[in-house]
Amino acid sequence: MTDTTSPEVAALLAQLTDAEKVSLTAGADAWSTSAVERLGIPAIRLGDGPHGVRKPHDGSGMSMFDSHPATCFPTAAALGSSWDPALVRRVGEALGREAAAHGIAVLLGPGVNLKRTPVGGRNFEYFSEDPHLSSRLGAAWVNGVQSTGVGASLKHFAANNTEQRRYGIDAVVDERALRELYLAGFESIVVEERPATVMAAYNKLNGEHCTENAWLLRQVLREEWGFEGVVVSDWGAAWDRTLSVPAGNDLAMPGLGARDDRYVLDAVRTGALSREALDDSARRILELVERHADAATAPVDPPDLEAHHRLARQAAAAGTVLLKNDGGTLPLQEGVRIGVIGAFASAPRFQGAGSSHVVPTRVDTLLASLRTALGTDAVTFAPGYDLVHDESTPAQLAAARHVAEEADVAVVVIGLPEVFETEGVDRAHLRLPDSHDRLVEAVLAVNPNTVVVLQNGSPVELPWRRAVPAIVEGYLGGQASGSAMAEVLLGVSEPGGRLAETFPLSYASHPVSRLPNGPVTAEYRESLHLGYRYFDSAGEEVEFPFGHGLSYTSFAWSDVAVAVSPSGDDVTVNLSVTNTGSRVGSEVVQVYVHDVESSVFRPEQELRGFAKVALEPGASEAVSIRLPQRAFSFWDVDSRSWVLESGRFEIRVARSSRDVVWRGDVDLSGQAAPHERDEPSAYRAPSGELGFPVADFERLLGHPVPPNVAPRPGRFTLDTAIRDMQQTWAGRVLRRFLARQAVKTIGAPASAPVDAVAGEVVAQLTFRMFPTVSEAAIGRRGATRLLSVVNGLARILPRRRG
Ligand code: BGC
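Definitions and limits used
- Residues numbered from 1 in each chain as written.
- Predicted model: local features only at pLDDT ≥ 70, side-chain atom pairs only at ≥ 80, totals over all residues.
- Heavy atoms only, no water.
- Pairing = 2+ DSSP bridges.
- Helix = DSSP H or I, 4+ residues; strand = E, 2+ residues; numbered from the N terminus.
- Axes fitted to C-alpha atoms, helices over the stretch in contact; angles between N-to-C directions.
- Phe/Tyr/Trp six-rings, centres within 6.5 Å; stacked < 30°, edge-to-face > 60°.
- Buried < 20%, exposed > 50% of the residue type's maximum accessible area, 1.4 Å probe, protein only.
- Lys NZ or Arg CZ within 6 Å of the ring centre and 35° of its normal.
- Parallel < 35°, antiparallel > 145°, perpendicular 65-115°, else oblique.
- Contact = heavy atoms within 4.5 Å.
- Expected span 1.5 Å × (residues − 1).

## Brief notes about the sheet that holds strand 13 (residues 450–455)
Strand pairs in the sheet, formed through backbone hydrogen bonds, run parallel or antiparallel to each other.
And step 1. The strand order 9-14-13-12-10-11 describes an open sheet built from six strands, whose pairing is mixed. Strands with a single pairing partner mark the edges of an open sheet, and in this sheet they are strand 9 (321–325) and strand 11 (379–382). Between one strand and the next, the sheet's axes are offset by a mean angle of 20°, whatever the strand orientation.
And step 2. Sheet topology note: the strand 10 (residues 338–341)/strand 12 (residues 409–415) ladder contains four bridges and is parallel. Across the sheet, residue Gly339 finds its bridge partner in strand 12, namely Ala410.

What follows is the structure in structure tokens.
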């Protein structure tokens, strides 16, 4: 029992039998916790998340397409570039209201994993490559959702940064990178906002599955950060509750039926699973039910879906990033004839594919919104490319050229179709579909006054960017993204966003592209040099830098001053921001810290504070940004604690990581003085040529990297991905079979282009996932036996067929 345990929960716990406690540690089905009717303990429902509510019509089913309509807010990629915690909080509150109206007590979000690599298939579900920005927005999301009584689920804990082999990959991360980056994004949200649940990720972290990782769940999350809520497994991530419960994973989701409780109960009876660990988990689940059941069952006013749609539009505009705007091409002048080109203008991509897929209450398209605003005759249209296949017919290109020629300005709408970007698969490169690039070139050739509008969840290469005067990044902006973009193009709204991630020149120019990712481990050899931290330290060119985004108005920053607190370890940056242009607009003040002298290597600079201010023309506002001690500290691997070293730090007040407006030094007094430590130059002065050699990484890790070789056929393990069994006959058959099953399970309509990606998505599966993906038709024992059969076949059949 803890100090916060209510007498009611204590009394219930005392009455529960072992079997009932065991039943509580797994769901009753895909979405509900288990009830104990004898004692009046209700089940509560959990549901995706994160940018809209997904409640399948078939209450316990896994369908991703057949769910109740709900507002599809901008994805985290778009919310991330808003840099606006207050707005994200409002989105959270609206999400909470919709969740409650659907009887959902815990909404599965936010996703606060860092975008370690620009090819991450799930980057659209995450806010940023920077832990400070990510945690500020994630905290606001949690605060908003939980203000409605609905609980949040902070996910995916931790280092879940690749979709490739996502169920079994072992993220090998050094302690500083973990503490300063990958855990930092979660830490402050846990401490400040107390999310109801934290979701343990599929992957392994330094050798242990996150769901079985006592260091992660017990020591760090509970003991160090004081987390008192429930740890829930990602769906299917808890394979063996006799290991996951003692490690601190309270709730295994989805439930696999009463049959699956037997081995856990046996373990309790033999003492293999301690009653203490079981009691702890059961108590926490009772507390979760006690706190959040009412939110989902109490009568609530139906959510105001009109207001939520308007909020979705506002958030989409706030996250829209004006990447380029030569000669004031945007906003469009009144009376211009607009040629809209690109199928996404009428059939937009506005959300990502996978578990976060929402059936929207309505969808605004850019084409219809422009025509509503300007009249149908003022806006001509040509689709220009095929939505599913990466090709344009000569007729499509000819029609596009014709529309562009006749117009004063061509608005070309392109991006990443779902088959290019989805949960479950990483991209192989950052290129747009060829047909989209060709279309831009074809249009530019006949009308240089071209604006490119992008719909995509993560960075893309823009090979024609120098020739195009204006480029607008809309990300996957939710169901109102079309009207939001129309308002931005017409200047009714401003493009309020700044990039929350670096746009590299290409994938090959990104350090992670050159590091081992599979078959067994992902080596995080770049350590702290993640995203802009790397590019700025190495001084390498990027396509667009972190923090970048233009405005329709102009701003002046004045009276910048930094003040060190009397304690000597805390800094406040003050300045005044004035809107010097003629339009309403918002500015994002970004504060980076550069450590001038340090014992340990540090990236060139790190974002430690920011503020967004919206100003009328001519108006000024005083901005004050506090940088606490942690903003200057590093994780000291010797003392296993945060250390602030006395000395000089440079404060950089900036518009982006590459556009520093003001620099000034502060001298801080800390617990230690800088002293020379022998560290590899790959980290002190990273560069593309040097890379991150394994020997240097091993010095950071303090031990050799684990072996990274796929098991031979016949020796596959529960963590071997189906993709690594493709040299065997059984592996190939399994992949085909699973792809067919997956398409049925998610209930994709015939029009959805899922077939092409299903084979890729299921290729990541491991046998550990079989009980979940078979909806318990195959149990743990069945999955283990099947694995033996596959291994056996591989041993006896000749290599080519086996
Ligand atoms: C995803 C989670 C999601 C869960 C339930 C998993 O595959 O990784 O983010 O919340 O499914 O749909």
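Next comes the rest of the description.
## What to know about the packing of aromatic side chains
And step 1. Considering all chains together, one arrives at 18 aromatic pairs under this definition.
And step 2. On the basis of an interplanar angle of 85° and a centroid distance of 5.8 Å, the ring pair of Tyr532 and Tyr592 is categorised as edge-to-face. In this pair, Tyr532 is assigned in helix 17 (residues 532–538) and Tyr592 in strand 18 (residues 585–595), connecting sequence segments 60 residues apart. Judged on exposure class, the residue Tyr532 and its partner Tyr592 are both buried.
And step 3. Taken together, the ring pairs connect Trp83, Tyr532, Phe546, Tyr592 and Phe610 into an aromatic cluster.
And step 4. In this arrangement the basic side chain of Arg179 is found over the ring face of Trp635, its NZ or CZ atom lying 4.0 Å from the centre.
And step 5. Lying over the aromatic face of Trp557, Arg655 brings its terminal NZ or CZ to 4.6 Å of the ring centre.

## Digging into the packing of helix 6 (residues 175–182) against helix 7 (residues 184–193)
Relative placement of two packed helices is described by the angle separating their axes and the distance separating the axes.
And step 1. In the contact formed by helix 6 and helix 7, the axes pass within 5 Å of each other and the chain directions differ by 50°. When the axis of helix 6 is compared with that of helix 7, the two are oblique. The residues of helix 7 that touch helix 6, namely those facing Leu178, Arg179, Glu180, Leu181 and Tyr182, are Ala184, Gly185 and Phe186.

## Here we look at helix 15 (residues 434–446)
And step 1. Helix length check: helix 15, at 13 residues, gives a terminal C-alpha distance of 19 Å against a target of 18 Å (1.5 Å per residue), a fit within 8%.
And step 2. Along helix 15, the positions that sit buried rather than exposed are Ser435, His436, Asp437, Leu439, Val440, Ala442, Val443 and Leu444.

## Description of the pairing of strand 23 (residues 647–656)
And step 1. Taken across its ten residues, strand 23 has seven buried, putting it largely inside the fold.
And step 2. Looking at chain direction, strand 18 and strand 23 are connected through six bridges and run antiparallel. Within strand 23, the residue paired with Asp595 across the bridge is Phe649.
And step 3. Alignment of strand 23 against strand 24 (residues 659–668), held across nine bridges, turns out to be antiparallel. Along strand 24, the bridge assignment pairs Arg648 with Asp667.
And step 4. Connecting strand 23 to the antiparallel partner strand 24 that follows it, the hairpin turn spans two residues.

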